[in-house]
There are 2 protein chains.
Amino acid sequence: MSRYVVSLGGNALGNDAEEQKNLLKFVAKPIVELIVAGHEVVIVHGNGPQVGMINLAFTESTFTPHMPFPECGAMSQGYIGFHLQNAIRNELERHAVTQTVGALVTQVEVDEHDPAFNDASKPIGAFYTKEQADRIIKEKGYVMKEDAGRGWRRVVPSPLPVDVIEKAMVKSLLDAGHVVICAGGGGVPVIRKEGRLEGVAAVIDKDYASAKIAELVEADYLIILTAVEHVYVNFNKPDQKALERVASSDFEPYIEAGEFAKGSMYPKIRACIGFLEKTDKTCVISSLAKASEAFRLETGTIITK
Amino acid sequence: MSRYVVSLGGNALGNDAEEQKNLLKFVAKPIVELIVAGHEVVIVHGNGPQVGMINLAFTESTFTPHMPFPECGAMSQGYIGFHLQNAIRNELERHAVTQTVGALVTQVEVDEHDPAFNDASKPIGAFYTKEQADRIIKEKGYVMKEDAGRGWRRVVPSPLPVDVIEKAMVKSLLDAGHVVICAGGGGVPVIRKEGRLEGVAAVIDKDYASAKIAELVEADYLIILTAVEHVYVNFNKPDQKALERVASSDFEPYIEAGEFAKGSMYPKIRACIGFLEKTDKTCVISSLAKASEAFRLETGTIITK
């Protein structure tokens, strides 16, 4: 019996409730195989498109009050958590397994002195014209940036996770044999201010959050599921090469050569390297479609110390 | 050391995120007193105004997809859960108590043959004109009713809770010494259909849900906090009389005489009676303002078998 932390991308969850529900039926299958095989499982999911949608609904609607970004994130944990625990519970039922699975609303502490707070970079929510953006900057004090010719968007910082406030609950649930969904969307970011935890408009990378969870619950495996089966060098070029079994340190020359896209593969690799600095366990980066094989270490990029 | 289930009204949580955050600072105080005194605490909260707000944002917004009602309820569990666990955690920190508190996304099973499904009665979301209502009935198949001269609203059924899908997690968390927020808004209602749990557009009364939780976790006390300090007979009349210590059966003649308002005190009393049919424990109905005293059985309507 091993302890797995599985990180799922928010992009794999579709664009509306109906799509999300249907896609999660498939996501549930390999996860339930893992549970049925007797392993302990924690699931961390992304929330990019979903928190964007919730944020947009409240921004657009004229009769509802202003909804701050951390609160939108908490809503997305409820929304995705419900569908995920429902899908996994239903799939467990098909296997006549009585285990319980549930999502824990999770606050993840970040450092208010994290340099990311000086360099907001993560676009969220709707696109605006230059004029609208100027007005929003003036009215609300948001940082707005032009996004690849598509218009202006609010950007928020993406600080590193320092601690998971509800970590003891995650551990108790695992120890009692339950399946835990937590730190959805990387967790609701909170900073410590005069002894109080306060929500802050930021996005914690969900792969860094899953590595932090893996460290805190002393996981044996950190499995990051994405759209591609392996980490590649020379990605999308004629000499593209899949990395199969690598040591953490093997990545350094590739990183220096700028092999891995910043908003995509880079944070996944960094998350694995960070986890492996603290343990001698195993990480796998592979595709959601090959999750079963990845859990059994039969495919994916398998990374050790 | 006793085990408490505390039921909080959604109306006490304000009308926007800022209000909710500030109000919960005060709600956290008596709850933390209870924790500091060494008791085990489960909190169930309402979500009427909050789920209405979320539903309205998605209905009004033109660029976001349709959001079904159970999913809006799950979002409200994340939204209120985050604020509640943040407020309690901060108050615990002031007392240098390290206990963990967190909200569990909760599905509550209802019976698809519950007679409530033939009599939708719980108004949700926005008000519409007769013409708009007719179009919605035709397009979406919703049940719409005229609401006290204020316009037409969608109504959904309010079935009784049969089971709490994540009950084993609630128990494990309590046994491990954590403070649990669960079944927010009465829980996300699910029915069992061909072996699968499926979300259903309904509202489970949060007091009935809290009584179900109290039964399942074998609570010693079920405390329902509302706007008034006692249950009254002849409420708001010159001969109004506060009920102080009553036996469950004492309510019957009052109920028959129609003393308790259907959407307000009646379900609270019914929830207590239901819980006391299954245990010989104690229920208290009192006001949020007098929560400390109610927890110590110094005020409120104290109900035993």
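Residues numbered from 1 in each chain as written. Chains lettered and ligands numbered in written order. Predicted model: local features only at pLDDT ≥ 70, side-chain atom pairs only at ≥ 80, totals over all residues. Heavy atoms only, no water.

1. A closer look at the overall build of chain A
From N to C terminus, chain A includes nine helices and 17 strands. For chain A, whose C-alpha radius of gyration is 19 Å, the value lies close to the compact-globule estimate of 19 Å for 305 residues. If one aligns the C-alpha atoms of chain A with their principal axes, the spans along those axes are about 55 × 45 × 40 Å. For chain A, the proportion of its 305 residues judged to be buried stands at 58%. Partitioning the contacts of chain A with sequence separation of at least 6, the portion at a separation of at least 24 is 72%. For chain A, the accessible surface area stands at approximately 12,400 Å², while carbon and sulfur atoms represent 50% of it. Treating the 33 positive side-chain charges of chain A as one cloud and the 40 negative ones as another, the clouds have centres 2 Å apart. (Helix = DSSP H or I, 4+ residues; strand = E, 2+ residues; numbered from the N terminus. Rg over C-alpha atoms; globule rule 2.2 N^0.38 Å. Buried < 20%, exposed > 50% of the residue type's maximum accessible area, 1.4 Å probe, protein only. Contact = heavy atoms within 4.5 Å. Areas by Shrake-Rupley, 256 points an atom, 1.4 Å probe, with all protein chains shown as cover. Lys, Arg positive; Asp, Glu negative; His and termini not counted. Charge placed at Lys NZ, Arg CZ, Asp CG, Glu CD.)

2. Structural notes on the side chain of Ser172(B)
If you trace the backbone, Ser172(B) turns up in helix 5 (residues 167-175). Apart from the residues within four sequence positions on either side, Ser172(B) is in contact with Ala176(A) and His178(A).

3. Considering empty space enclosed by the protein
Throughout the structure, instances matching the rule amount to three cavities of 30 Å³ or more. Empty space within the largest cavity amounts to approximately 100 Å³. In terms of lining, the largest cavity is formed by 14 residues, of which the most central are Asn47(A), Gly73(A), Gly187(A), Pro189(A) and Ala202(A). Of all elements in the fold, only helix 3 (69-94) and strand 10 (188-193) of chain A reach the threshold of two or more residues within the lining of the largest cavity. With four residues, helix 3 of chain A is the single largest residue contributor to the lining of the largest cavity. Its residues assigned to classes, the lining of the largest cavity comprises eight nonpolar, six polar and no charged. Residue lining of the second largest cavity: 14 residues in total, with Asn47(B), Gly73(B), Gly187(B), Pro189(B) and Ala202(B) positioned closest to the centre. Of all the secondary structure elements, the ones that give two or more residues to the lining of the second largest cavity are helix 3 (69-94) and strand 10 (188-193) of chain B. The leading source of residues in the lining of the second largest cavity is helix 3 of chain B, at four residues. (1 Å grid on protein atoms, 1.4 Å probe; cavity = no way out; pocket = protein on both sides within 12 Å on 5 of 7 lines; lining within 4 Å. Points joined across faces, edges and corners; volume = space filled by probe spheres on them. Nonpolar A, V, L, I, M, F, W, Y, C, P; charged D, E, K, R; others polar.)

4. Digging into the packing of aromatic side chains
All told, the structure shown has ten aromatic pairs over all chains when counted by the stated rule. On the basis of an interplanar angle of 20° and a centroid distance of 4.8 Å, the ring pair of Tyr4(A) and Tyr221(A) is categorised as stacked. Here Tyr221(A) lies in strand 12 (residues 221-226) and Tyr4(A) lies in strand 1 (residues 3-8), a separation of 217 residues in the sequence. Summarising the burial analysis for this pair, Tyr4(A) and Tyr221(A) share the class buried. An angle of 75° between the planes, with centres 6.0 Å apart, marks the rings of Tyr4(B) and Phe295(B) as edge-to-face. Taken together, the positions of Tyr4(B) in strand 1 (residues 3-8) and Phe295(B) in helix 9 (residues 291-295) put the pair 291 residues apart, joining distant regions of the chain. Of the two residues, Tyr4(B) and Phe295(B), both sit in the buried class. Each member of the aromatic cluster is reached from another via a ring pair, and the members are Tyr4(A), Tyr221(A) and Phe295(A). (Phe/Tyr/Trp six-rings, centres within 6.5 Å; stacked < 30°, edge-to-face > 60°.)

5. Notes on helix 6 (residues 206-216) of chain A
All names here are of chain A. Taking burial as the measure, the eleven residues of helix 6 include ten buried ones, the bulk of the element. For helix 6, the complete set of buried residues consists of Lys206, Asp207, Tyr208, Ala209, Ser210, Ala211, Lys212, Ile213, Ala214 and Leu216. Tucked inside the fold, the buried residues of helix 6 contact strand 1, strand 2 (40-45), strand 8 (161-164), helix 5 (167-175), strand 12 and helix 8 (265-278). Positioned one or two residues after helix 6, Glu218 has a phi angle of 55°, which is positive.

6. A closer look at the relation of the copies chain A and chain B
Overlay of chain A on chain B (RMSD 0.0 Å): rotation 180°, translation along the axis 0.0 Å. With respect to symmetry, the two chain copies, as superposed, fit the operation of a two-fold axis. Comparing interface residues between copies, 100% of those in chain A also sit at the interface in chain B, which points to an isologous, same-surface contact. (Least-squares fit on C-alpha atoms with pLDDT ≥ 70 in both.)

7. Some thoughts on the state of the cysteines
Residues and elements named next belong to chain A. Per the counting criterion, the structure on display carries zero disulfides over all chains. As a non-bridged cysteine, Cys182 has Cys283 as the owner of its nearest cysteine sulfur, 16 Å distant. Taking relative accessible area as the criterion, Cys182 reaches 1% and is therefore assigned buried. (Disulfide = S-S within 2.5 Å.)

8. A closer look at the layout of surface pockets
What the largest pocket holds in volume is close to 1,400 Å³. As for the largest pocket, its lining consists of 44 residues, and the residues nearest its centre are Gly48(B), Lys122(B), Val203(B), Asp205(B) and Gly263(B). At six residues, the largest contribution of residues to the lining of the largest pocket is made by strand 5 (residues 122-128) of chain B. Of the residues contributing to the lining of the largest pocket, the split by class is 18 nonpolar, 15 polar and eleven charged. Taken as a whole, the second largest pocket encloses approximately 960 Å³ of empty space. Of all the secondary structure elements, the ones that give two or more residues to the lining of the second largest pocket are helix 2 (48-60), strand 5 (122-128), helix 6, strand 12, strand 13 (231-233) and helix 8 of chain A. Of the residues that constitute the lining of the second largest pocket, the class distribution is 19 nonpolar, 13 polar and eight charged.

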